[in-house]
Amino acid sequence: IPVHPSNTFFLQFPNCLAYNNKMEFVANLWWALSHDPAPLTDELRHAFTWEAATLRLMQAAAITKQEALEREQSGKFRLDSRIAWFHNELGKGVKGDVIRKVFGAGPVSDQVKYLKHQQRLKTQQRSPTDDRDGTGLGGTDTDLEGEDVEGLLSRKFWDSTFVRAIREAAVYGIP
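Notes on the structure follow. Being a predicted model, the structure only gives us computed values, none of them experimental.

**Quick notes on the packing of helix α6 (residues 93-102) against helix α7 (residues 111-123)**
For step 1, the next point in the chain: Close contact between α6 and α7 brings their axes to 8 Å; oriented N to C, the two are set at 130°. Classified by the interaxial angle, the pair formed by α6 and α7 is oblique. Two secondary-structure elements touch here, α6 through Gly93, Val94, Asp97 and Arg100 and α7 through Gln111, Val112 and Lys113.
For step 2, the next point in the chain: Of the residues that constitute the contact of α6 with α7, the class distribution is two nonpolar, two polar and three charged.

**As for the packing of aromatic side chains**
The relative placement of two aromatic rings is captured by the distance of their centres and the angle of their planes.
For step 1, the next point in the chain: Under the counting rule described, the total for this entry stands at five aromatic pairs.
For step 2, the next point in the chain: Considering the side-chain rings of phenylalanine 13 and phenylalanine 48, the 4.5 Å spacing of their centres and the 15° angle between planes classify their relative orientation as stacked. With a gap of 35 residues between them, phenylalanine 13 in the segment before α1 (22-34) and phenylalanine 48 in the loop between α2 (42-47) and α3 (50-61) connect regions that are remote in the sequence.
For step 3, the next point in the chain: On the basis of relative accessible area, phenylalanine 48 is assigned to the partly exposed category, the value being 49%.
For step 4, the next point in the chain: On the numbers, 5.1 Å between centres and 70° between planes, the contact of tyrosine 19 with phenylalanine 25 is edge-to-face.
For step 5, the next point in the chain: Under the relative-accessibility criterion, tyrosine 19 is labelled partly exposed at 21%.
For step 6, the next point in the chain: Classification of phenylalanine 25 as partly exposed rests on a relative accessible area of 38%.
For step 7, the next point in the chain: Members of the aromatic cluster, connected to one another through ring pairs, are Phe9, Phe10, Phe13 and Phe48.

**Re the pattern of salt bridges**
For step 1, the next point in the chain: One pass over the full model with this rule turns up four salt bridges.
For step 2, the next point in the chain: Here aspartate 42 makes a salt bridge to arginine 45, at a shortest N to O gap of 2.9 Å. With aspartate 42 and arginine 45 both in helix α2 and three residues apart, this pair spans about one turn of that helix.
For step 3, the next point in the chain: Relative accessible area serves as the criterion here: at 45%, arginine 45 is assigned to the partly exposed category.
For step 4, the next point in the chain: Its salt-bridge partner being lysine 101, residue aspartate 110 comes within 2.8 Å of it at the nearest N-O pair.
For step 5, the next point in the chain: For lysine 101, a relative accessible area of 15% puts it in the buried group.

Here is what the cut-offs are and how they apply
- All residue numbers refer to position in the chain's written sequence, counted from 1.
- Given that the model is predicted, a residue must reach a pLDDT of at least 70 before its local features are reported, and side-chain atom pairs must reach 80 or more before they are shown or counted; all residues, however, enter totals for whole chains, interfaces and linings.
- Heavy atoms from the whole structure form the basis of all side-chain values; hydrogens and water molecules are not counted.
- Fitting a line to C-alpha atoms yields each axis, with helices limited to the stretch in contact; the angle taken between N-to-C directions then spans 0 to 180 degrees.
- Runs of H or I in DSSP of at least four residues are treated as helices and runs of E of at least two as strands, each being numbered from the N terminus.
- Comment on the angle field: the value is read as roughly parallel under 35 degrees, roughly antiparallel over 145, roughly perpendicular from 65 to 115, and oblique elsewhere.
- Contact criterion: two residues are considered in contact whenever any of their non-hydrogen atoms come within 4.5 Å of each other.
- When residues are sorted by character, Ala, Val, Leu, Ile, Met, Phe, Trp, Tyr, Cys and Pro go into the nonpolar class, Asp, Glu, Lys and Arg into the charged class, and all the rest, Gly among them, into the polar class.
- Centre distance within 6.5 Å is the pairing criterion for rings of Phe, Tyr and Trp, where only the six-membered ring of Trp is used; planes under 30 degrees apart are then read as stacked, over 60 as edge-to-face, and the remainder as tilted.
- Relative accessibility decides the category of a residue: with a 1.4 Å probe and only protein chains considered, values under 20% of the type maximum give buried, values over 50% give exposed, and everything between is partly exposed.
- Each reported salt bridge corresponds to a side-chain nitrogen of Lys or Arg within 4 Å of a carboxyl oxygen of Asp or Glu.

Next comes the structure, spelled out in structure tokens:
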């Protein structure tokens, strides 16, 4: 792996072959292909578990009482709270689905549609004729064709250069 601060955790493992340039990469690749990996100790193996990763995350995110007091006195706590509230509200409901669609989340962006569908399944008593497309979901795939994106974005707008540019900027970064 490249020598980089984000990879520091992995450098503790005996099988980690870090490199700084192309020549080191080639040398490490050749060595890795020609040698068997060293077995990990129980301690190092534990470092790869979800439990250990969760503990590292909690330690990295934790702040001391002094740091919390300083953040509150400087007004950063209030700003953090507002940003967290805004982020939470922005992702809710149909507007959250639209934002997820614009940024290219694909099928997972239809959370409201999925929840509404699940609620319909719970409240309706379905008959065998409801399963016209054989999916067990009721209806057909053509029931959704030509539909606006959650009733807010037309297909024409969704496919526009503007929205495509926004999605690409989110995925690849703004030049």
